[in-house]
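If you want the building blocks of each chain, they are given just below.
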Amino acid sequence: MIKVSDPKFKKDASLEVKLAQTIGDCPLGKPVHAFASVSSTMDMAHALAAEGAPEGTLIWAARQEKGRGRLGRTWVSPEGGVYLSLILRPKRPTTEISQLSLVAGLSVAQAVQAVTSLMPSIRWPNDLLVNDRKLCGILVEAEQGSVLIGIGINVSTPIAALPPEATSILAAGLPCDAYLLTGEICRRLQKWYAAWTSKGFAPVRVALRPWIGGFGGPVRITAGATEMEGIATDLDDSGRLLVRLDSGIVRSFGMGEVTLLR
Ligand code: BT5
């Protein structure tokens, strides 16, 4: 396992000061470990969680050498993006942990809007899109009683450095301060994580509705070996996506990839 103390990944005190200023008194985001470059903030988060790091610990990097997505996919992580992981120790049943992807998606979407006025849409279960291109991806992983939330956002990343299906806040024509955005994400996530902890998914589901793209429209959903098309109608009360198939039957999905067919 990777070592946080590896001299290859030298912590950057000036980044930590900037982040601590914008995070202020928000408990999520403390302590902060910031790096100019790491392999993956998720690897750092796993190592810190295994060492007993407290809930709220933030690992932040200006660049990742081996950023990753779900199922072993690559997360392209050049300079200009925000790459962070947060360590949580949720007090809800493990069956509900996957809901944290939507809790985080809602928080990041609201933070992006607050800082830039851009309104991304959420593509269930873990992407933020702008103009149908991916602005942000979210990864939820577990580590011995901890849950690690990984968030990657293309802020001022040059479009040429990103995959063709991606976009950045700058490409949408808006400047954005990566540190301010990080502070706002911590505050929003603090709020929604607290709501989820005390009341479950219900308040998150209500707040998510205006942000989810594709409701009422045709989608293709791929879940493992299953691929189906239908109309995405809603989320159920545990965050599963409801899709009405041509036969009229409504199926719910707990995981999968959604393609919007418009
Ligand atoms: C995700 O996976 O979208 C989760 C990405 C999580 C990244 C963060 S960054 C901080 C933390 N540390 C990490 O190492 N990871 C987390 P998935 O749904 O599997 O989507 C991956 C797919 O998104 C790739 O196969 C590409 O198609 C696309 N992609 C890769 N890099 C991208 C980027 N920078 N922007 C937009 N799309 C990208």
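To be clear, the structure that these remarks concern was listed above.
Read on for a plain summary of the structure.

## As for the site of the ligand
Around the ligand sit 29 residues, and of these Ser40, Arg68, Arg73, Lys134 and Glu165 come closest. Ser40 places a side-chain nitrogen or oxygen 2.7 Å from an oxygen atom of the ligand. Within the contact set of the ligand, an oxygen atom lies 2.3 Å away from a side-chain nitrogen or oxygen of Glu165. For the ligand, whose free accessible area comes to 800 Å², the fraction covered by protein is 92%. When each cavity is represented as a set of grid points, the ligand is found to reside in the largest pocket. For the shell around the ligand, the secondary structure elements donating two or more residues are α2 (41-50), β3 (81-88), β6 (133-143) and β7 (146-154). Tallied by class, residues from the shell around the ligand come to eleven nonpolar, twelve polar and six charged.

## Considering the packing of helix α3 (residues 99-116) against helix α4 (residues 178-199)
One way to put it is that α3 packs onto α4 with a least axis distance of 8 Å and a crossing angle of 140°. With respect to α4, the axis of α3 lies oblique. Two packed elements cross with a definite hand, and for α3 against α4 that hand is right-handed. When α3 is examined against α4, the residues Gln99, Leu100, Val103, Ala104, Leu106, Ser107, Val108, Gln110, Ala111, Val112, Ala114 and Val115 are found in contact with a partner set consisting of Leu180, Leu181, Glu184, Ile185, Arg188, Leu189, Trp192, Tyr193 and Trp196. Across the contact of α3 with α4, the residue classes break down as 16 nonpolar, three polar and two charged.

## Brief notes about the layout of surface pockets
When its volume is computed, the largest pocket comes out at roughly 630 Å³. The wall of the largest pocket is formed by 36 residues, among which Thr74, Trp75, Asp127, Lys134 and Gly137 lie closest to the centre. Only α2, β3, β5 (127-130), β6, β7 and β12 (257-260) provide two or more residues apiece to the lining of the largest pocket. It is β6 that provides the largest number of residues to the lining of the largest pocket, a total of five residues. Grouping the amino acids of the lining of the largest pocket by side-chain chemistry returns 15 nonpolar, eleven polar and ten charged. In this model, the second largest pocket occupies a volume close to 500 Å³.

## Side note on the packing of aromatic side chains
Evaluated as defined, the whole model comprises two aromatic pairs. Consider the rings of Trp60 and Tyr179, whose centres lie 5.6 Å apart with planes at 25°: the pair is stacked. Linking Trp60 in strand β2 (residues 58-61) with Tyr179 in helix α4, this pair joins segments that are 119 residues apart in sequence. With a centroid separation of 6.0 Å and an interplanar angle of 20°, the aromatic rings of Tyr193 and Trp196 are classed as stacked. Here Tyr193 and its partner Trp196 are both found in helix α4, three residues apart, which amounts to about one turn of the helix. According to the relative accessible area criterion, Tyr193 is buried, its value standing at 7%. Sitting over the ring of Trp196, Arg92 keeps its end group 5.9 Å from the ring centre.

## Here we look at the pattern of salt bridges
Should the charged atoms of two oppositely charged side chains come close, the side chains can pair. Applying the stated criterion to the full structure yields 14 salt bridges. Ionic pairing is found between Glu141 and Arg68, a salt bridge with its closest N-O pair at 2.7 Å. Of this pair, Glu141 sits in strand β6 while Arg68 sits in the loop between β2 and β3, and the two are 73 residues apart along the sequence. Its relative accessible area of 19% is what places Glu141 among the buried residues. Taking the shortest distance from any N to any O, the salt bridge between Arg92 and Glu96 comes out at 2.5 Å. Among the charged side chains, a salt-bridge network with shared partners connects Asp43, Arg68 and Glu141.

What counts, and at which threshold
- Residues numbered from 1 in each chain as written.
- Predicted model: local features only at pLDDT ≥ 70, side-chain atom pairs only at ≥ 80, totals over all residues.
- Heavy atoms only, no water.
- Near = heavy atom within 4 Å.
- Polar contact = N/O pair within 3.5 Å; in protein donor to acceptor, adjacent residues only side chain to side chain.
- Areas by Shrake-Rupley, 256 points an atom, 1.4 Å probe, with all protein chains shown as cover.
- 1 Å grid on protein atoms, 1.4 Å probe; cavity = no way out; pocket = protein on both sides within 12 Å on 5 of 7 lines; lining within 4 Å.
- Sits in = over half its atoms within 2 Å of the grid points.
- Helix = DSSP H or I, 4+ residues; strand = E, 2+ residues; numbered from the N terminus.
- Nonpolar A, V, L, I, M, F, W, Y, C, P; charged D, E, K, R; others polar.
- Axes fitted to C-alpha atoms, helices over the stretch in contact; angles between N-to-C directions.
- Parallel < 35°, antiparallel > 145°, perpendicular 65-115°, else oblique.
- Left-handed = near helix turned anticlockwise from the far one by under 90°.
- Contact = heavy atoms within 4.5 Å.
- Points joined across faces, edges and corners; volume = space filled by probe spheres on them.
- Phe/Tyr/Trp six-rings, centres within 6.5 Å; stacked < 30°, edge-to-face > 60°.
- Buried < 20%, exposed > 50% of the residue type's maximum accessible area, 1.4 Å probe, protein only.
- Lys NZ or Arg CZ within 6 Å of the ring centre and 35° of its normal.
- Salt bridge = Lys/Arg side-chain N within 4 Å of Asp/Glu carboxyl O.

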